[in-house]
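Understanding the architecture of this molecule
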Amino acid sequence: MEEKPRMGVFGRSGPRRPHLAQIGTGVAEVVLRGINSVCGYASPNSRRARSQLAALEETIRAGREAYLLGFGAGTHNAGAALVRVTAAGTVELVCNEEEERYTAVKHCTDYPEHSVDAVLRRLGELGVEPSELAACVSCWDYAGAVASIAIRPMLEEAPASLTGKFVEGMPESVANENIGRLIRQAPRRLMAQLGIDRRTPVVGVRHHDSHAYFSYAVSPFAGDPEPVMVLVLDGSGDDATISLYEAHDGAPKLLETQGSSTIDSLGTLYGFLSSTQGGWPILSSEGRYMGAAAWGNGDRFTNGYYRRLREIVHLGPEGEVRLNRALANWPRAGLVEPYTPELTEILGEPVPLDQLWHPDAVLNVEDVRHPEVTRDRVDKAAAVQMVFEDALAHVVEHLIRLTGSDRLVMTGGAALNCVANTRLLECFDGDWYERQLGRSGSGLNLWVPPTPGDAGTPMGAAYAFAMRAGAKPGGALQHAFYCGSGPPAAEVEDAVAAEPGLESISLGRCDEPEGCLRVADLLAHLVAGDRIVGLCQGASETGPRALGHRSILANPCNPETRSLLNERVKHRELIRPLAPMLTRAAAERLFELQPGAAADDYNAYNYMVLTARARPEAHALIPSVIHRDGTGRLQIVRPESDPLTHAYLVAMGRRVGVEASVNTSLNVGAPIAHTAAQAVATLRRAKGMDGLLLVDAEGEARLLWLRDRAEARQRLLDAVQSWAAGSDFELPALASV
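Residues numbered from 1 in each chain as written. Predicted model: local features only at pLDDT ≥ 70, side-chain atom pairs only at ≥ 80, totals over all residues. Heavy atoms only, no water.

Helix and strand counts for the chain come out as 27 helices and 27 strands. For the chain, whose C-alpha radius of gyration is 25 Å, the value lies close to the compact-globule estimate of 27 Å for 737 residues. Each principal axis of the C-alpha atoms in the chain carries an extent, and together these give about 80 × 65 × 55 Å. Looking at the chain as a whole, 62% of its 737 residues qualify as buried. Long-range contacts, defined as pairs at least 24 residues apart, comprise 72% of the intrachain contacts of the chain with a sequence gap of at least 6. Charge-centre separation for the chain: the mean point of 72 positive side chains lies 4 Å from the mean point of 91 negative side chains. (Helix = DSSP H or I, 4+ residues; strand = E, 2+ residues; numbered from the N terminus. Rg over C-alpha atoms; globule rule 2.2 N^0.38 Å. Buried < 20%, exposed > 50% of the residue type's maximum accessible area, 1.4 Å probe, protein only. Contact = heavy atoms within 4.5 Å. Lys, Arg positive; Asp, Glu negative; His and termini not counted. Charge placed at Lys NZ, Arg CZ, Asp CG, Glu CD.)

Have a look at this one:
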């Protein structure tokens, strides 16, 4: 659909040169489809794609098992995934490998060689040959993506957008000069790595479909007979920035799209404002800025920035959201000169591009220097957050009125804004449904997956292809431990040997009930005594949140824990919040769980994608995990999904009176640790971390610490000895340390 400019009292929405952008993008897409076809891609509706889809349909009808490889390269969060279609015709996830976890480069855009290797290992474990894969699918329709994300924005504001400023000011995830070559070479590299016929195509899947199909299929609503809404919002897809679906009979159906230009996306809006005000690159800025907003004035009537900043978006009919291009200057000059004089008058000068620092790529933690936290800065953050919430609610209200549904699956990178997610539940409650739609007993029910961003799209592409061939959802997701596997014993030994200052004791096996309870009790004893301990066990979490397999644990009852963790362990801003992990019973005791998140026993609270208001008792019991606005971004831990972490929380209940813990990701200035070596490196970089509990793939647990941190070493050993004295477990290795 052609985007036409619109003038209004508030400014201008829509591109200045819509016809040029439309023609130029169309021509570019035709050329790119021809090039990509030669390189080994099959467009979503091409003959080769239809042929592979038909073959999978026949396999499903015959009741045979099938495997699909999902793939993403060249854009942020490269990776590969393996998905199985069972003999019963249901689709289920085997693994979702994120390249950043292997390379330790946040939002890695490279060809995902390590991720594909991990998929090959899983195929080998399953006894499946790569040549038996039913399809290899990409989470982008790359021709449409390059045309829409790289070409269209350059033409929309011509001639201003054709200057060097626009190209220089593109976000890092788009501006990588090697992306085009990498995308073209990816199919051949993939087939060579898999060892299969190089003529096998990589079938493109519409990007928003890659988000939508997986998120719906693993939601608690997938088996509902009633219609389910699915909403995708991100920086940009390959043909839209917002996609609205209605799911019936086990599959989403696209209803409408908005925003053919990435300039008008909510993800781009929040990314540019959080980056230029917070001082971090886009993709690293959004979550940090959301956390800062809680310290600001969240009242729309009294926040001094909100009323004027609200003019930066135009909320049109039928849920339309457009950027005010007369107020924002990034459509013409990117991050080099992102503000017009009018926007500078509202928010002040933006942080210059050359002064942005990357918090996920810190080489030396001693060099970290955070900008001063002032009332103005956090009030601006609150204003940006409220503008984003207004626009999100506008889109959601339209989708509700369009479908009449009260079940919403929300996904795409913008769905990581857990504060805005919770606002939706508060806004569209039972009173709203009764008042606006005349329906009593209804209120919005919301579910967000643990991987709403692009890290989840390789598996999403495989899900979309399988479901189009007739596969049905295979049940609600219960955990996120699908990246890699537990570190093998040999890998642990190598990691320990590579760090000469490391000491350790064996705690025995924890893969059976008695050993699990023993190790969990020691861990709780350490944390209850204010030791800070890392935990590395099993497969990593897929998605941006640590959920108990790659976590740093600390005492939630100590009010000093937040400042200690932020300053001495994570080396980040002192106002950054800490998240609580809790048992199901403790979550209900300490927080006001939303009825709109109650599906499948409050499954939505398993993944830190929602906040909940703390009850008065929580402020007294677990002050370090209650954020400035009186909420917590909580995670409920289930015994069937994570026995060790759940047993640890139960043991915390015995020792401190509450089954809760601080949970933050096992990383310092890098992606979440994945391998044993990365976990040990985190222990070294985190100056205030006392020890690391590392469980290998065979279930053997060991506690590690650093010899050269004499005070921390003694504190840890004293605690271990006091625990051993009061337990039946003997630690023969302790005497030799």
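Okay, back to it.
Turning next to the nonpolar core. Across soluble globular proteins, nonpolar side chains have a tendency to be buried as a group. The biggest cluster of nonpolar side chains holds 190 residues, and the ones touching the most others in it are L190, L231, I312, W330, M410 and F591. Not counting residues up to four positions away in its chain, the partners in contact with F591 are P580, L582, A612, R613, A614, R615, I622, I626, G632 and L634. In this structure, L526, W705, L716 and V720 belong to the second largest nonpolar core, which totals 33 residues. (Core = buried A, V, L, I, M, F, W, Y, C linked by side-chain atoms within 4.5 Å.)

What follows is about helix α9 (residues 207-217). Among the 11 residues that make up α9, 11 are buried, leaving the element largely enclosed by the rest of the structure. Taken residue by residue, α9 has H207, H208, D209, S210, H211, A212, Y213, F214, S215, Y216 and A217 as its buried positions.

In space, the seven strands of this open sheet follow the order β3-β8-β7-β4-β5-β6-β16, with mixed pairing throughout. Two strands lie at the open edges of the sheet, namely β3 (41-42) and β16 (472-473), each paired on one side alone. Two elements, strand β4 (residues 66-72) and strand β7 (residues 135-138), share four bridges in a ladder whose sense is parallel. When the bridges of β7 are listed, F71 appears paired with S138. Docked against the sheet, helix α8 (residues 179-194) engages β3, β4, β7 and β8 (202-204), running at close to 145 degrees with respect to β4. (Pairing = 2+ DSSP bridges. Axes fitted to C-alpha atoms, helices over the stretch in contact; angles between N-to-C directions.)

As a further point, take the packing of helix α1 (residues 18-39) against helix α5 (residues 142-156). Where α1 meets α5, the axes come as close as 8 Å, and the angle between the chain directions of the two elements is 150 degrees. Relative to α5, the element α1 is oriented roughly antiparallel. For the pair α1 and α5, the crossing hand works out as right-handed. Within the contact between the two elements, α1 uses L20, A21, Q22, G24, T25, A28, E29, L32, R33 and N36 and α5 uses Y142, A143, G144, V146, A147, S148, I151, R152, L155 and E156. Each residue belonging to the contact of α1 with α5 can be placed in one class, and the counts come to 10 nonpolar, six polar and four charged. (Parallel < 35°, antiparallel > 145°, perpendicular 65-115°, else oblique. Left-handed = near helix turned anticlockwise from the far one by under 90°. Nonpolar A, V, L, I, M, F, W, Y, C, P; charged D, E, K, R; others polar.)

Right, let's get into the pairing of strand β10 (residues 242-248). By the criterion of burial, β10 is predominantly enclosed, with six of the seven residues buried. Alignment of strand β9 (residues 228-233) against β10, held across six bridges, turns out to be antiparallel. Opposite V228, over in β10, you have A247 as the bridge partner. Two strands pair when backbone bridges link them, and β10 and strand β11 (residues 251-258) are joined in this way by seven bridges, in the antiparallel orientation. Its bridge partner lying in β11, S243 is registered against T257. Count of turn residues in the β10/β11 antiparallel hairpin: two residues, of which D249 carries a positive phi of about 55 degrees.

All told, the structure shown has nine aromatic pairs when counted by the stated rule. Both rings, one in Y270 and one in F388, keep their centres 5.2 Å apart while their planes meet at 70 degrees; by these two values the pair is edge-to-face. Here F388 lies in helix α15 (residues 375-403) and Y270 lies in helix α10 (residues 266-278), a separation of 118 residues in the sequence. Neither residue differs from the other here; Y270 and F388 are each classed as buried. Considering the side-chain rings of F428 and W432, the 4.9 Å spacing of their centres and the 85 degrees angle between planes classify their relative orientation as edge-to-face. Ring pairs connect the aromatic residues F428, W432 and Y433, which therefore count as one cluster. (Phe/Tyr/Trp six-rings, centres within 6.5 Å; stacked < 30°, edge-to-face > 60°.)

Buried residues dominate strand β27 (residues 700-706), accounting for six of its seven residues. Where strand β17 (residues 502-509) and β27 come together, seven bridges link them in antiparallel fashion. Bridged to R509 within β27 is E700. In terms of strand pairing, strand β26 (residues 691-695) meets β27 through four bridges, oriented antiparallel. Within β27, the position partnered with L694 by the bridge is R702. In textbook terms, the turn of a hairpin is the stretch between consecutive antiparallel strands, and for β26 and β27 this stretch comprises four residues, one of which, G699, has a positive phi near 95 degrees.

Moving on, we get to helix α16 (residues 418-427). Where burial is concerned, most of α16 is hidden: seven out of the 10 residues are buried. What α16 keeps buried is the set C418, V419, A420, N421, T422, L424 and L425.

With that settled, the discussion passes to the side chain of S285. In this structure, S285 sits in the loop between α10 and α11 (286-293). Residue class for S285 comes out buried when judged on its relative accessible area of 0%. Here S274 takes part through its side chain, which lies 2.8 Å from a polar atom of the side chain of S285. When near neighbours in sequence (up to four residues on either side) are disregarded, S285 contacts G271, S274, S275 and W280. (Polar contact = N/O pair within 3.5 Å; in protein donor to acceptor, adjacent residues only side chain to side chain.)

This part takes up the environment of E92. With respect to the helices and strands, the residue E92 is situated in strand β6 (residues 90-98). Taking the relative accessible area as the measure of exposure, E92 reaches 30% and is therefore partly exposed. Considered as a pair, E92 and R545 are 453 residues apart in the sequence and their alpha carbons are 21 Å apart. Among all residues touching E92, those that are not within four sequence positions of it are V83, R84, T86 and Y463. Only 2.7 Å separates the side chain of E92 from the side chain of R84, close enough to count as a polar contact.

Here the focus is the pattern of salt bridges. Think of it this way: side chains of opposite charge can pair up when their charged atoms draw near. Within the structure shown, the criterion is met by 44 salt bridges. When the shortest N-O distance is used, the salt bridge between D224 and R407 registers 2.5 Å. Highlighted residues: D224 in the loop between α9 and β9 and R407 in strand β14 (residues 407-411), separated in sequence by 183 residues. Via salt bridges that share partners, R12, R16, E156, E157, D264, R325 and R332 belong to a single interconnected network. (Salt bridge = Lys/Arg side-chain N within 4 Å of Asp/Glu carboxyl O.)

Moving on: the sheet that holds strand β20 (residues 579-582). Across the sheet, which stays open at both edges, the eight strands sit in the order β17-β27-β26-β18-β19-β25-β20-β24 with mixed pairing between neighbours. Looking along the sheet, the strands with just one partner apiece sit at the ends: β17 and β24 (635-636). Looking at chain direction, β20 and strand β25 (residues 660-665) are connected through four bridges and run antiparallel. Bridge pairing links L582 to A660 in β25. On the sheet, helix α20 (residues 513-528) packs against β17, β18 (533-536), β19 (550-554), β26 and β27 and is oriented at approximately 140 degrees with respect to β17.

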